[in-house]
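# Geometric and topological summary
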4 protein chains.
Amino acid sequence: MDGLRDFTADLSGMSPASGYQGQPAARPDTEARPILAGRFRRIRGLSGQLAARLSAEDQMVQSGPETSPTKWHLGHTTWFLERHVLERFIPGYTAFDDRFSYIFNAMVEPAETCHPAAQRGLLSRPTAEEVARYRDHVNAAVLRLVADTPSLGWPAVARRLELALQHEQQHQELILADIKHAFWLNPLHPAYQSPQPTGLAAAAGQSWQEYPGGICEVGMEPGAHAFELETPRHRVHLEPFRFAGRLVTNAEYQEFMEDGGYGNASLWHPDGWSLAQREGWKAPLYWFKRGGIWHTFTLSGPKLMDGEEPACHVSWYEADAFARWAGKRLPTEAEWEHAVQGQRRTGNLLDYGKLHPVPGSCSGNPGPWQAYGDAWEWTASALAPYPRYRPGDLAIGEYAHVPAAGRMVLKGGSALTPGELVRASFRHHLAPHARWQMTGIRLADDV
Amino acid sequence: MDGLRDFTADLSGMSPASGYQGQPAARPDTEARPILAGRFRRIRGLSGQLAARLSAEDQMVQSGPETSPTKWHLGHTTWFLERHVLERFIPGYTAFDDRFSYIFNAMVEPAETCHPAAQRGLLSRPTAEEVARYRDHVNAAVLRLVADTPSLGWPAVARRLELALQHEQQHQELILADIKHAFWLNPLHPAYQSPQPTGLAAAAGQSWQEYPGGICEVGMEPGAHAFELETPRHRVHLEPFRFAGRLVTNAEYQEFMEDGGYGNASLWHPDGWSLAQREGWKAPLYWFKRGGIWHTFTLSGPKLMDGEEPACHVSWYEADAFARWAGKRLPTEAEWEHAVQGQRRTGNLLDYGKLHPVPGSCSGNPGPWQAYGDAWEWTASALAPYPRYRPGDLAIGEYAHVPAAGRMVLKGGSALTPGELVRASFRHHLAPHARWQMTGIRLADDV
Amino acid sequence: MDGLRDFTADLSGMSPASGYQGQPAARPDTEARPILAGRFRRIRGLSGQLAARLSAEDQMVQSGPETSPTKWHLGHTTWFLERHVLERFIPGYTAFDDRFSYIFNAMVEPAETCHPAAQRGLLSRPTAEEVARYRDHVNAAVLRLVADTPSLGWPAVARRLELALQHEQQHQELILADIKHAFWLNPLHPAYQSPQPTGLAAAAGQSWQEYPGGICEVGMEPGAHAFELETPRHRVHLEPFRFAGRLVTNAEYQEFMEDGGYGNASLWHPDGWSLAQREGWKAPLYWFKRGGIWHTFTLSGPKLMDGEEPACHVSWYEADAFARWAGKRLPTEAEWEHAVQGQRRTGNLLDYGKLHPVPGSCSGNPGPWQAYGDAWEWTASALAPYPRYRPGDLAIGEYAHVPAAGRMVLKGGSALTPGELVRASFRHHLAPHARWQMTGIRLADDV
Amino acid sequence: MDGLRDFTADLSGMSPASGYQGQPAARPDTEARPILAGRFRRIRGLSGQLAARLSAEDQMVQSGPETSPTKWHLGHTTWFLERHVLERFIPGYTAFDDRFSYIFNAMVEPAETCHPAAQRGLLSRPTAEEVARYRDHVNAAVLRLVADTPSLGWPAVARRLELALQHEQQHQELILADIKHAFWLNPLHPAYQSPQPTGLAAAAGQSWQEYPGGICEVGMEPGAHAFELETPRHRVHLEPFRFAGRLVTNAEYQEFMEDGGYGNASLWHPDGWSLAQREGWKAPLYWFKRGGIWHTFTLSGPKLMDGEEPACHVSWYEADAFARWAGKRLPTEAEWEHAVQGQRRTGNLLDYGKLHPVPGSCSGNPGPWQAYGDAWEWTASALAPYPRYRPGDLAIGEYAHVPAAGRMVLKGGSALTPGELVRASFRHHLAPHARWQMTGIRLADDV
């Protein structure tokens, strides 16, 4: 039995039948402790499983300043639990190793308190084994905390724990996106998992759905757990708009390329144009030609480019240029959220095990399709705090600030995103030049 | 008579009494030709006057990759007229010097068609005198075009010409901001003009005005000329908010500094914090200590810091950190525009000749004060195209694209901004790290 | 028994008693095959032993663009054998893995033919195990070649093989210097080996030996194997000079520091002064204060600074400034070589197992002491080809060119240098800013 | 009468007939005061004449971090006189402007005491006129000092003054080399002077002269004034060598290019190869193709490439690669000096007014030709202090240190070098990548 099967087997508890999809999660502070403990075990366990396919050497690679080694992700999420849950709720808690705060803190300043982010690839020590021991130690302490917290204190613990679990899930996606980048830069182009059967599915024809707009509500849905920057739920005014029924495909993107898209400055944002010239962009990241034919690099290794798959690993600049070429535009964040609210939260997500977009995935939703999974969808919106935003008790660590300047919002989730994490209000955000995450294109238009 | 008086004398045609303030400008395509010709002469003449205080050597300095020499601004605005007005409307128009397109084009790509922006300081040739001849030549050609265009063609010419004039006015502000930066880097710290009398005015006490929000309209006002990115006028939904009655003063900003504002990471956007550490920011740009006392560098040379003046030359990061420290926030662009719509467009603008914020300027408006002039006001909004934005016939040259990614919107205008240019819908935009323009802080808050 | 004892045990075959020291090595082409095969086994084995103290993770670390991972050194030296011995002498030899040439070639241009040097730390694949298999495979093939080569062909094979072995020995030193640097950058500051007993030895008092100069001979000694750049032996004219009896000690270097040496521009070469300011140098690399007391980082971990030890990890700029402060100068390469010729080639070298300079080591030579071992000695000479230099049949790969521009010559060898490699004519060379190798200071003076 | 004639007229006092060539200059401390005063007036005047062909704008351009504006050269040489002559010998001397030390000091550290070298192009103030006044003021003070110094003090004054004059002459060459580079980067490619008549001269055939070597003397000749780094005169041992009779011509260099010289890594020093790839070198600096034909940019503007002229504006890397391609090598400094000692110091130098190498210039010397003038000649020698070098009383300012690391020695002088400055012992030195000075190739070979 190959690695993949084991993996999907392990993920079966998160299959559509298990009930988390399509429903707003119950607020963690009313969740029974055994359920949260169970989720804790499952989520923490999955991180270990994702890493287990990699050797200690693989887990140590850092491909660049924006990515991190697997081992660091494993240590950082553990440190997050130690700092923000154990130290917060266990008086006199003693850190597993007091040097780990320096190593696994994600902050970059002041320089004395944290290891330089660009030097994470130098951490041959602590070893993968030591990090595993660290994880075990912290896991046990957290489970004891869950069991021992008096009822009165439980809601606060549960809220923090939920935050830490969603934080861990975000890093699960990063583990996969980062190792893909590292393997791409390795001249041997290794594969993370065995090739995935893709069948002969075709992409559906593109369709367009109209929305009348007007006053709509967006942001954290009542009763759900969300990151601070998804709050508060608030009203926006939308003009009537059209929303594409599915993501742009590789074949469609290739038309743009063949029509000279990468050589036509008038289609591009000037910053993107300069960047693309400087770096010689001619196609999305991970596309390459072999014998004159386009291939793409995936977590299952190199493969022939499949025109029916949703295009991915494009920057915001490429998504924006494509939309202009197509005579359309990217949706705003509010449009996206309005169009997708109420859909079942299923799709080609991490739980599905493909780790790559698949042609024609429709997730059983009436449409628009592929809202969740396959590829993150760039929006026309720059990230900024929502109106009347007031950071609350979960504005801690990396979540203390809305990283406003220069980040564009992405919505939905990709084939690397844990299913439990996706929701209409989730605000992923990246610099417009970023291409190493699984980012694709949904079109929109005015009515 | 000192330079200032001469200067204000020359600007008297644009004094409040001359009637352009407070009224939406008539649409250029209905303006009579003599009036537009008059404005053309006056605006083009002012650029020359601004440069006339500088030697040919001064006009050649480029202080860094974001700024340009005076001489280049003079040539570039002239080339803009040649390319977008004369070549467009005069069949067979022959360029004054066909090498000037390479030199004075502001685009940066493709590299073959334009001089590298960072090398504008190398242009000892064409000389200031040659650029002056270039300006005269193009001025004469434009005035002939204005006179000779058949009625049918006039509206299109007038619209383009108005665009070129507002473009020239934007560069007038840059001439002043850029030479200030260059003089600051010069160890002799020369002054652009003589010291300005400031009287003993005090800043008004801070006051707060409440706005109920709801559905509001923002963007280009009907009948006005505006840049493409101010279009289309559209509805937004605003929550109730409070808007500060005046800008933050130097004394208030100094409190932030003395309270350790520059050393408290929790107040700062992480990107800004990293940058501030790296560059050793301890105060706004142009602040320096002499004999233990804060001074500031102005276009009238170094002077004692005046606590009553509006603070300026802060980056978005500093403005944002200050607002957080003050327990407030920056206004969104829509809030700013809603609060200011209907005000008379007057204030401490370029026309006033001070070239620096003044204490307690109130411009006769009932409030909020200092909406126009003194200092550009950073907003919480990242620049993005407006809903249903469709670039029209004025989306040319630098105005072809909305430079979305990573630019924050600023509103109002500064003591360097030509009065005719300001309007509620004007969307100035800068990278969040920029400090060399005259940028200050207006606070807002939720109700 | 700790790792160290094992190690010194393994090195016992290279102890002074084993006879290689003090004698010019027999020319390889007259060496009997079994002896060369024995050396091959021993030297190749030692590289494996040096790596064996490191985990696969440790072997993968690259601390910067000038250093390489242990695993890469192991692969590169193997590829060197494959390319320059096996492919050269075995018709139709098939590479172990034809992708390894791309990975393990040390050249940096043209970009298509070799992996970027700065990205060697990304090579989680091939794994340490695969590299070990690669080594075994190539070792076996080389030993077969040694056995099977007809007599007529033997001298050419032996010469190439000797080059490859000395190449391997150079990389043994780099393995140690590079991992030291990597461990220094690791916040856990791990140790490569257990602490070394240092006794209570004191440095000898400084003494000076005079040399009359005149016409002297330097360069490769007849009958020895040497790198091309040590050729040809040739005459130079030397003025009378004095040569210090031992290396500068930490205590002496500390006097320089306490006398403001790092703050006195007049002592420094201007390039070095700029660099030292920019990087904030206040002491040699690996020196740090703990509790107000100087410590130094060694391959046995951090330890108290010992004033009696030879100072090391200084750049040429620091060595030059120290010499100027001391009223002396660095020796020229020719002076060094003339003074040391004829000494027994023993000292605190890699074979001794200390991996760090020791106080008062004198190596049984009458003097000058510490000529071989402890620390490489910076000279005043920039590397350049010798008069009448003509590259011969060993000018291959990295040895094809004399890397003239900007490299300063170092002589002698350090506590990390294999004893078999040192000789009076050996020309080590580094950029003047380099500090990560074990580099120290010998003074000289005019008579 | 064109600019050139005026210029050569002004230089007539330095014509061969005037007696300075071919003879060691009398030691300045025995020179009569009127003669030194006359030289002072003439040399200081020539700097002004060189600048007078440039507008104030031209004098302000700085084309890069290695070059300086004309105006800065004029100010710096004046400050050198103030600092090292006037302040040294006139008690209580008051600086013309005490801010000029910060501006015109050539040192780069510590940062507080001098203007950043890369920002010299920002100095629109002091104006060219102010710098001219500064020059006049200092000139007058120096001439008074010359007149008033008591006999006892005269030798010390004369020695310093001579140093300052040779310093000024070095900067005269830099004024020309730097403005050529600036004009090259200007898209209008302006000319510094009118085109020079070149006649139809052809290069002589290449010839080779043999030297037997042995013990030779090099370095400062007795009775001459020289920079510290030319001292002391000392003995070297040379092997027999051959020395080319003339410089390499453009036609010969073009053969190298056509034979793929720029694409053949095996000819190149690895550092040079990397650099050439990175910067896309395909020909010497200032060569460009127009209509498929090679042109070159000169101080008289662009012109057709003349194959008979000595090649120039090549880096050391190119000179070295060419020599290897030609099966020859560059001479060492000692070989060059030995071969040229005793020649009359004449040639196509600055005094000749061509400002560019000329075909077949032979300067009346029996040979080797072109030793002085036309182009600086790269040697195989890295700059280092001479044996027994002890800095003396002229080791001040920029001459305080021998800038050893990474500089290669050049000999002879170029068409931009003042004739009085050249001598066999002169040690010009540049980084091996430098191409903006007038640098060419002389070949040598072993016998």
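What you see is a predicted model, and the numbers here were worked out from it, not measured in a lab.

## Description of the relation of the copies chain C and chain D
Once turned by 180 degrees and shifted 0.1 Å along the axis, chain C lies on chain D with an RMSD of 0.0 Å. Such a combination of turn and shift is consistent with a two-fold rotation axis. When C-alpha distances to the rotation axis are compared across chain C, the minimum falls at Gly406 of chain C, with a value of 1.7 Å. A high fraction, 100%, of the interface residues of chain C reappear at the interface in chain D, so the copies pair face to face through one surface.

## Thoughts on the relation of the copies chain B and chain D
Turning chain B through 180 degrees and shifting it by 0.1 Å along the axis lays it on chain D, with an RMSD of 0.0 Å. Counting the interface residues of chain B, we find that 96% of their copies in chain D are interface residues as well, pointing to one common contact surface.

## Some thoughts on the nonpolar core
Within the largest apolar cluster, 410 residues are counted, with the highest numbers of intra-cluster contacts made by Trp268 of chain A, Trp268 of chain B, Trp268 of chain C together with Trp268 of chain D. Sequence-distant contacts of Trp268 of chain C, defined by excluding residues within four places in its chain, comprise Phe256, Gly261, Tyr262, Trp273, Ala276, Trp281, Tyr317, Glu318, Ala321 and Arg324 of chain C together with His401 of chain D.

## Details of the domain arrangement of chain A
All names here are of chain A. Here the domain parsing of chain A yields domain 1 (2-185) and domain 2 (208-446). In this structure, domain 1 and domain 2 have C-alpha centres spaced 25 Å apart. Every contact between the two is made by 46 residues of domain 1 and, on the other side, 41 residues of domain 2. Between domain 1 and domain 2, roughly 4000 Å² of surface is buried when both sides are summed, and carbon and sulfur atoms account for 61% of that area. Summed over the three residues of domain 1 that lose the most area to domain 2, namely Glu173, Lys180 and Trp184, the buried surface amounts to 20% of that side. Across the salt bridge formed by Glu420 and Arg42, the nearest N and O atoms sit 3.2 Å from each other. Broken down by secondary-structure element, the contributors of at least two residues to the side of domain 1 that touches domain 2 are helix H1 (3-10), helix H2 (33-52), helix H3 (70-89) and helix H6 (154-185). For the side of domain 1 that touches domain 2, the element with the most residues is H6, which contributes 20 residues.

## A look at the UniProt feature "domain: Sulfatase-modifying factor enzyme-like" (unreviewed entry) in chain A
Listed under "domain: Sulfatase-modifying factor enzyme-like" (unreviewed entry) in the UniProt record, and renumbered for this structure, are residues 210-349 and 365-444 of chain A. The straight-line gap between the two end C-alpha atoms of residues 210-349 of chain A is 26 Å; of that span, 26% is helix and 21% is strand.

## A short note on the packing of aromatic side chains
Given two aromatic rings, one states the distance between the centres and the angle between the planes to describe the pair. Scanning all chains against the criterion turns up 116 aromatic pairs over all chains. For the ring pair Tyr253 of chain B and Phe322 of chain B, a centre distance of 5.7 Å and an interplane angle of 15 degrees mean the geometry is stacked. On the criterion of sequence distance, the pair formed by Tyr253 of chain B in helix H7 (residues 250-258) and Phe322 of chain B in helix H9 (residues 316-325) is long-range, its members being 69 residues apart. You can call Phe322 of chain B buried: its relative accessible area is 2%. Arranged with centres 6.4 Å apart and planes meeting at 90 degrees, the rings of Tyr211 of chain C and Phe243 of chain C form a pair that is edge-to-face. Taken together, the positions of Tyr211 of chain C in strand S1 (residues 208-211) and Phe243 of chain C in strand S4 (residues 241-244) put the pair 32 residues apart, joining distant regions of the chain. Each of the two residues, Tyr211 of chain C as well as Phe243 of chain C, counts as buried.

## What about the interface of chain B and chain D?
Where interface size is given, it is often the accessible area lost as the parts come together that is meant. Taken residue by residue, the interface counts 27 residues in chain B and 26 residues in chain D. Together chain B and chain D conceal approximately 2400 Å² of surface at their shared face, both sides included; 61% is due to carbon and sulfur atoms. Sorting the residues of chain B by area buried against chain D places Glu57, Arg125 and Leu188 of chain B first, and these three jointly supply 31% of that buried surface. One can count four salt bridges joining chain B with chain D. Its salt-bridge partner being Glu57 of chain D, residue Lys71 of chain B comes within 2.7 Å of it at the nearest N-O pair. Counting the contacts that link chain B with chain D gives ten residue pairs in polar contact (both at pLDDT 80 or more). Going through the elements one at a time, helix H4 (100-104) and helix H6 (154-185) of chain B are the ones with two or more residues in the side of chain B that touches chain D. Its residues assigned to classes, the side of chain B that touches chain D shows 15 nonpolar, seven polar and five charged.

## Considerations on the sheet that holds strand S11 (residues 439-440) of chain A
Residue and element names in this part refer to chain A. Ordered by their spatial adjacency, four strands build an open sheet running S10-S9-S8-S11, and the pairing between neighbours is mixed. Strands at the two margins of the open sheet, each flanked by one partner only, are strand S10 (428-430) and S11. Where strand S9 (residues 408-411) lies against S10, three bridges are found, and the strand directions are antiparallel. The residue of S10 that forms the bridge with Leu410 is His428.

## Some points on the pairing of strand S7 (residues 301-304) of chain A
Bridge count between strand S6 (residues 293-298) of chain A and S7 of chain A: four bridges; the pairing is antiparallel. Along S7 of chain A, the bridge assignment pairs His295 of chain A with Leu304 of chain A.

## Thoughts on the interface of chain C and chain D
Tallying the contact residues gives 41 residues for chain C and 42 residues for chain D. For the pair chain C and chain D, the summed buried surface comes to about 3100 Å²; carbon and sulfur atoms form 53% of the total. Close ionic contact of Asp445 of chain C with Arg390 of chain D constitutes a salt bridge, the shortest N to O distance being 2.5 Å. Elements with a contribution of two residues or more to the side of chain C that touches chain D: strand S3 (234-238), helix H8 (270-279), helix H9 (316-325), strand S8 (376-382) and strand S12 (444-446) of chain C. Here the side of chain C that touches chain D takes five residues from H8 of chain C, the largest share from any one element.

## Details of the pattern of salt bridges
In the structure shown here, the tally under the stated rule is 108 salt bridges over all chains. Among the salt bridges present, the one from Glu335 of chain A reaches Arg329 of chain A, with a minimum N-O distance of 2.9 Å. With respect to burial, Glu335 of chain A and Arg329 of chain A carry one shared label: buried. The salt bridge partner of Arg329 of chain C is Asp446 of chain C, with a shortest N-O separation of 2.9 Å.

## Looking at the packing of helix H2 (residues 33-52) of chain D against helix H3 (residues 70-89) of chain D
Between two packed helices, what matters for the description is the angle formed by their axes and the separation of those axes. Residues and elements named next belong to chain D. Between H2 and H3, whose axes approach to 9 Å, the crossing angle comes to 160 degrees. Relative to H3, H2 is oriented roughly antiparallel. When you trace H2 past H3, the crossing you get is left-handed. Residue-level inspection shows Phe40, Arg44, Ser47 and Ala51 of H2 in contact with H3, the latter providing Thr70, Leu74, Thr77, Thr78 and Leu81.

## Quick notes on the sheet that holds strand S7 (residues 301-304) of chain C
Paired through backbone hydrogen bonds, the strands of a sheet run either parallel or antiparallel to each other. Residues and elements named next belong to chain C. A sheet is described by the order of its strands in space; here three strands give the open sequence S5-S6-S7, paired in antiparallel fashion. Since the sheet does not close on itself, it has two edges, and those belong to strand S5 (287-290) and S7, each with one partner. Across the sheet, the mean angle separating the axes of adjacent strands is 40 degrees when strand polarity is ignored. Note: S5 against strand S6 (residues 293-298), four bridges, orientation antiparallel. Within S6, the residue paired with Arg290 across the bridge is Ile293. Along the sheet, helix H6 (residues 154-185) makes contact with S5 and S6, crossing S6 at roughly 130 degrees.

## Comments concerning the environment of Ala177 of chain D
Residues and elements named next belong to chain D. With respect to the helices, strands and loops of the structure, Ala177 is situated in helix H6 (residues 154-185). Ala177 sits in the buried class, given a relative accessible area of 1%. Discounting residues that sit within four places of it in the chain, Ala177 has contacts with Tyr286, Leu416, Trp436 and Gln437.

## Structural notes on unusual backbone geometry
Cis geometry marks the peptide bond from Thr231 of chain A to Pro232 of chain A; its omega dihedral reads -10 degrees. Secondary-structure assignment places Pro232 of chain A in the loop between strand S2 (214-218) and strand S3 (234-238). Located in the positive-phi region is Asp374 of chain B, a residue other than glycine, with phi close to 65 degrees. On the secondary structure map, Asp374 of chain B appears in the loop between helix H10 (333-340) and strand S8 (376-382). With a phi close to 65 degrees, Gln370 of chain D is a non-glycine residue in the positive phi region. Within the secondary structure, Gln370 of chain D sits in the loop between helix H10 (333-340) and strand S8 (376-382).

## Thoughts on the state of the cysteines
In total, this model carries zero disulfides over all chains according to the counting rule given. Cys216 of chain C forms no disulfide, and the closest cysteine sulfur to it belongs to Cys216 of chain D, at a distance of 16 Å.

## A look at helix H5 (residues 128-148) of chain C
With 21 residues, H5 of chain C should reach 30 Å at 1.5 Å per residue; the first-to-last C-alpha distance of 30 Å fits that figure. For H5 of chain C, the secondary structure elements touched by its buried residues are helix H2 (33-52), helix H3 (70-89), helix H4 (100-104) and H6 of chain C.

## Some words on the side chain of Arg423 of chain C
For Arg423 of chain C, the location among the structural elements is in the loop between strand S9 (408-411) and strand S10 (428-430). Non-local contacts of Arg423 of chain C, meaning those with residues more than four positions away in its chain, are made with Gln166, His225, Ala226, Phe227, Glu230, Arg345 and Tyr372 of chain C.

About the thresholds
- Residues numbered from 1 in each chain as written.
- Chains lettered and ligands numbered in written order.
- Predicted model: local features only at pLDDT ≥ 70, side-chain atom pairs only at ≥ 80, totals over all residues.
- Heavy atoms only, no water.
- Least-squares fit on C-alpha atoms with pLDDT ≥ 70 in both.
- Contact = heavy atoms within 4.5 Å.
- Core = buried A, V, L, I, M, F, W, Y, C linked by side-chain atoms within 4.5 Å.
- Buried < 20%, exposed > 50% of the residue type's maximum accessible area, 1.4 Å probe, protein only.
- Domains from an automatic or database assignment.
- Buried area = accessible area lost by both parts, 1.4 Å probe.
- Salt bridge = Lys/Arg side-chain N within 4 Å of Asp/Glu carboxyl O.
- Helix = DSSP H or I, 4+ residues; strand = E, 2+ residues; numbered from the N terminus.
- UniProt positions renumbered as here; feature names shortened; annotations may be inferred.
- Phe/Tyr/Trp six-rings, centres within 6.5 Å; stacked < 30°, edge-to-face > 60°.
- Polar contact = N/O pair within 3.5 Å; in protein donor to acceptor, adjacent residues only side chain to side chain.
- Nonpolar A, V, L, I, M, F, W, Y, C, P; charged D, E, K, R; others polar.
- Pairing = 2+ DSSP bridges.
- Axes fitted to C-alpha atoms, helices over the stretch in contact; angles between N-to-C directions.
- Parallel < 35°, antiparallel > 145°, perpendicular 65-115°, else oblique.
- Left-handed = near helix turned anticlockwise from the far one by under 90°.
- Disulfide = S-S within 2.5 Å.
- Expected span 1.5 Å × (residues − 1).

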